Amino acid sequence: MRFTFRLYFYWVSIFLIFYSGVLGLMSLFWGLNMNFWQILLVFAIVGMLPPAILTAYFYKRLNYMESDNIDPPQFTGQREATYKYNGRTKYPFDEILQRIDRQWIISYSDRKNCVLKFRTDARMRSWGVGGYIKMDENENLLVIIYPMFPKYKRERIMVDQLFLIMKNVLGV
């Protein structure tokens, strides 16, 4: 299942738990009697619509992470850097793949074209950060990191921190 839909279902389940608790408390204290269709309609409006709007807002960035599009991303708020990587084996891209896999979640990799897409974990307070790495034949790495929500200062700080961590992880 794609990350976009998992994230949507995650938010819907949080809304469902909250909604069930509120309904339980209301029926306990006030003896609320609603039929099934009323409960379902209210949940569809309150519990499914807001997560759908949030997911639709981030859909382009979330979908790019798992797509097989190997072109570099073109998102607002992204930063890029180029590093020279000195591989220890005759398969330097596999080394990069292993190093990134230890630190972050790999959402797409293509060994033939030496392209790797990764992301940080999405949490309640942060949508996370996405990344793109492309290695050329001279072992030069193009690293692009982009936040899910570029307008937040916290997300921009996360991008800066991720570049510092990236240098250490890649050993450049």
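What comes next is a walk through the structure.

Once that is clear, we can look at the packing of aromatic side chains. Considering all chains together, one arrives at 5 aromatic pairs under this definition. Considering the side-chain rings of Tyr64 and Phe75, the 5.7 Å spacing of their centres and the 80° angle between planes classify their relative orientation as edge-to-face. Of this pair, Tyr64 sits in helix α2 (residues 36-66) while Phe75 sits in the loop between α2 and β1 (79-84), and the two are 11 residues apart along the sequence. Residue Phe75 is classed as buried on the basis of its relative accessible area of 11%. Classification of Tyr64 by relative accessible area gives buried; the value is 8%. One cation-aromatic arrangement involves Lys117 over Tyr108; the distance from NZ or CZ to the ring centre is 5.1 Å.

This brings us to the sheet that holds strand β2 (residues 105-110). In sheet architecture, strand pairing relies on hydrogen bonds along the backbone and comes in two forms, parallel and antiparallel. Read from one edge to the other, the open sheet built from 5 strands follows the order β1-β5-β4-β3-β2, with strand pairing classed as antiparallel. Pairing within the sheet leaves two strands with one partner each, and these edge strands are β1 and β2. Pairs of neighbouring strands in the sheet enclose a mean axial angle of 15°, with direction left out of account. Taken together, the 5 bridges between strand β3 (residues 115-119) and strand β4 (residues 129-135) define a ladder with antiparallel strand orientation. Bridge assignment links Lys117 to a residue of β4, and that residue is Tyr132. Packed on one face of the sheet, helix α4 (residues 153-170) meets β1, β3, β4 and β5 (140-147) and runs near 155° to β5.

Let's shift gears to the packing of helix α3 (residues 92-103) against α4. It is at 10 Å that the axes of α3 and α4 come closest, and there the two elements cross at 130°. Taken together, the axes of α3 and α4 lie oblique to each other. By crossing handedness, the relation of α3 to α4 is classed as right-handed. When α3 is examined against α4, the residues Ile96, Arg99, Ile100 and Gln103 are found in contact with a partner set consisting of Ile165, Met166, Val169 and Leu170. The class makeup of the residues in the contact of α3 with α4 is 6 nonpolar, 1 polar and 1 charged.

Conventions and cut-offs
Residues numbered from 1 in each chain as written. Predicted model: local features only at pLDDT ≥ 70, side-chain atom pairs only at ≥ 80, totals over all residues. Heavy atoms only, no water. Phe/Tyr/Trp six-rings, centres within 6.5 Å; stacked < 30°, edge-to-face > 60°. Helix = DSSP H or I, 4+ residues; strand = E, 2+ residues; numbered from the N terminus. Buried < 20%, exposed > 50% of the residue type's maximum accessible area, 1.4 Å probe, protein only. Lys NZ or Arg CZ within 6 Å of the ring centre and 35° of its normal. Pairing = 2+ DSSP bridges. Axes fitted to C-alpha atoms, helices over the stretch in contact; angles between N-to-C directions. Contact = heavy atoms within 4.5 Å. Parallel < 35°, antiparallel > 145°, perpendicular 65-115°, else oblique. Left-handed = near helix turned anticlockwise from the far one by under 90°. Nonpolar A, V, L, I, M, F, W, Y, C, P; charged D, E, K, R; others polar.

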